[in-house]
Amino acid sequence: MNNMSESKVLRMELGEFSYDIVIERGALHRAGELFDLDRKVMIITDDGVPEEYADAVADMAAESTVFTVPQGEMSKDLGWYRAILTKMLKLDFSRLDCVVAVGGGVVGDLAGFVAASYMRGIDFYNIPTTVLSQVDSSIGGKTGVNLNGIKNIVGAFHQPKKVIVDLDLLKSLNTRQVCNGLAEAVKVSLTSDAEMFELFEKGNIRENIDEIVYRSLMVKKNVVEQDEKEQGLRKILNFGHTIGHGIESFERLNGLYHGECVALGMIPMVSGELRPRLVKVLESLHLPTSIELDVDGVFDAMMHDKKGVGDTVTITTVDIPGHFEMKKVSFDELKPLIQIVGK
Ligand code: GLY
């Protein structure tokens, strides 16, 4: 499945909340057929996404409004959430109307949470426009915003009605943005798909991007189907995120992207044998493999992240690609691991 010019549909099987993920180049322009847009449609995007993507959806809808937030994590907050809901209320959106996200992870999480909570939940469609959102955040139903510097602390599980993964939309991204998203694909290859990890080791990533996106979605679909609400298995999707989020919160002013922090966060979580192979893959993707850091600062930020219960957190480790182990550890046990990526 190297060249995916044809359409692929993955069905996320979640009982009455099941939905299709349509993977097809050019499918943005079929949103009118694939989604039910014959109603009021709130299209949420950001100012880093080419305007024509949201406009294309707007042109296919019966009655549309495009709401554009500033690009970046700062938009995932209660202020923008409230502003969008207020607009919907003013425009008399009803329970039968819908929300469409056209953007990356921030837009998807914010728009999804708007849809999850407006009138106790209305239909939500997602058109992810970044590698990160296409391989990870657009499916699985996690929605939410940040509060007081804590990521995703307010939110809801609200599955989309359908997702369009149109790889042509990635054309406008620069290399750094593409590689940022690929870090999440490396993540699932390590925990669950050894063949995909080999693809990363072989190189030619641009050539194999269709296959990488498809395989990542397959892994995520399988995990979410088994554990939608993250009671157990779904925690593997947080592989690399415990230390990664600590670095991200602490290093935010230094401008590291989410995927870059996850790249750093994965390194201490693999076996000593696998580590040089992972570092090589990350280097080939221009992702960071070490940074100047303040271990205490990252540690405090990690504790503040609130993903743990009490002073313990469930982490995932990988010894060889495709084999993971989950274990509960104390935050104190994690502290020396942070130094592994310190310069
Ligand atoms: N991005 C992790 C998850 O969806 O569970």
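This text gives an overview of the structure that appears in the document. (Residues numbered from 1 in each chain as written. Predicted model: local features only at pLDDT ≥ 70, side-chain atom pairs only at ≥ 80, totals over all residues. Heavy atoms only, no water.)

## Points about the overall build of the protein chain
Note the threshold: Secondary structure counts use DSSP, requiring at least four H or I residues in a row for a helix and at least two E residues in a row for a strand, with both numbered from the N terminus. Put simply, the radius of gyration uses C-alpha atoms, and a globule should come to 2.2 Å times the residue count raised to 0.38. The cut-offs for exposure are 20% and 50% of the maximum accessible area for each residue type, with area from a 1.4 Å probe on protein chains only; residues under the lower value are buried, those over the upper are exposed, and the others partly exposed. The contact rule is simple, with two residues in contact once any of their heavy atoms fall within 4.5 Å. Here the open area of atoms and residues is found with the Shrake-Rupley method and a 1.4 Å probe, where only the protein chains shown may cover a residue. For the purpose of counting charges, residues Lys and Arg are taken to be positive, whereas Asp and Glu are taken to be negative. His and the chain ends are not included. Positions of charges follow a simple convention, taking NZ of Lys, CZ of Arg, CG of Asp or CD of Glu.
Helix and strand counts for the protein chain come out as 13 helices and eleven strands. Taking 2.2 N^0.38 as the reference for a compact globule, 343 residues should give roughly 20 Å; the C-alpha atoms of the protein chain span a radius of gyration of 19 Å, in line with that estimate. In the protein chain, which comprises 343 residues, the proportion classed as buried is 56%. Taking contacts inside the protein chain between residues at least 6 apart in sequence as the whole, the part at least 24 apart equals 71%. Per element, the accessible surface of the protein chain, about 14,600 Å² overall, is 49% carbon and sulfur. When the 37 positive and 51 negative side-chain charges of the protein chain are each reduced to one mean point, those points stand 3 Å apart.

## With respect to a negative patch on the surface
Put simply, the rule reads: Put simply, a patch holds well-exposed residues, over 30% relative accessible area, that have no salt bridge, with like charges counted together within 9 Å and Val, Leu, Ile, Met, Phe, Trp or Tyr side chains within 5 Å. Every case where a carboxyl oxygen of Asp or Glu lies within 4 Å of a side-chain nitrogen of Lys or Arg is listed as a salt bridge.
On the surface, a cluster of negative charge is made up of Glu 51, Glu 52, Asp 55 and Asp 59. If you trace the backbone, Glu 51 turns up in helix α2 (residues 51–60).

## Overview of the packing of aromatic side chains
Applied cut-off: For Phe, Tyr and Trp, rings pair up if their centres lie within 6.5 Å, where Trp contributes its six-membered ring, and each pair is then called stacked (planes under 30 degrees apart), edge-to-face (over 60) or tilted (otherwise). Lysine NZ or arginine CZ positioned within 6 Å of the ring centre and within 35 degrees of the ring normal marks a charge as sitting over the ring.
Throughout the structure, instances matching the rule amount to three aromatic pairs. Here Tyr 81 and Phe 113 contribute two aromatic rings whose centre-to-centre distance is 4.6 Å and whose plane-to-plane angle is 15 degrees, an arrangement assigned as stacked. A residue pair is termed long-range when its members are at least 10 positions apart, and Tyr 81 in helix α3 (residues 78–90) and Phe 113 in helix α4 (residues 105–117) qualify at 32 residues. For the residue pair Tyr 81 and Phe 113, the accessibility class agrees, reading buried in each case. When the ring centre of Tyr 257 is taken as origin, the NZ or CZ atom of Arg 176, which lies over that ring, is 3.8 Å away. Above the ring of Phe 299, the side-chain terminus of Lys 335 is found at 4.8 Å from the ring centroid.

## Examining the sheet that holds strand β9 (residues 162–165)
To keep it simple, the criterion reads: Being paired, for any two strands, means DSSP has found at least two bridges between them. Lines fitted to C-alpha atoms define the axes here, with helix axes fitted over just the stretch in contact, and angles between the N-to-C directions of these axes take values from 0 to 180 degrees.
Reading across from one edge, β1-β2-β9-β6-β5-β3-β4 is the order of the seven strands in this open sheet, with mixed pairing throughout. The sheet terminates laterally at β1 (8–12) and β4 (63–69), the two strands that pair on one side only. On average, adjacent strands in this sheet sit at an angle of 15 degrees to one another, irrespective of strand direction. The pairing of strand β3 (residues 40–46) with strand β5 (residues 98–103) spans four bridges and is classified as parallel. When the bridges of β5 are listed, Ile 43 appears paired with Val 100. On the sheet, α3 packs against β3, β4 and β5 and is oriented at approximately 160 degrees with respect to β4.

## Considering the site of the ligand
To be explicit about the condition: Here, proximity means that at least one heavy atom of the residue falls within 4 Å of the molecule or strand. Pairs of N or O atoms within 3.5 Å make up the polar contacts considered here, provided that, within protein, one atom can donate a hydrogen while the other can accept it, and that residues adjacent in sequence are counted only when both atoms are side-chain atoms. Each residue receives one of three labels: charged for Asp, Glu, Lys and Arg, nonpolar for Ala, Val, Leu, Ile, Met, Phe, Trp, Tyr, Cys and Pro, and polar for the others, Gly being one of them.
Near the ligand the following residues occur: Asp 136, Lys 142, Lys 220, Glu 230, Arg 234 and Leu 237. Between the ligand and Asp 136 there is a distance of 3.1 Å, counted from a nitrogen atom to a side-chain nitrogen or oxygen. With the chains in place, 88% of the 200 Å² that the ligand exposes on its own is no longer accessible. For the shell around the ligand, a count of residues per class yields one nonpolar, no polar and five charged.

## Focus on the packing of helix α6 (residues 175–192) against helix α10 (residues 258–266)
Angle between the axes and distance between the axes: these two values describe a pair of packed helices. Here is the rule we go by: What makes a crossing left-handed is the near helix being turned counterclockwise from the far one by less than a right angle; a clockwise turn instead makes it right-handed.
Where α6 meets α10, the axes come as close as 7 Å, and the angle between the chain directions of the two elements is 35 degrees. The way α6 lies across α10 gives a crossing that is left-handed. The segment α6 lies against α10, with Arg 176, Asn 180, Ala 183, Glu 184, Val 186, Lys 187 and Leu 190 engaging His 258, Gly 259, Glu 260, Val 262 and Met 266. Of the residues in the contact of α6 with α10, the class split is five nonpolar, three polar and four charged.

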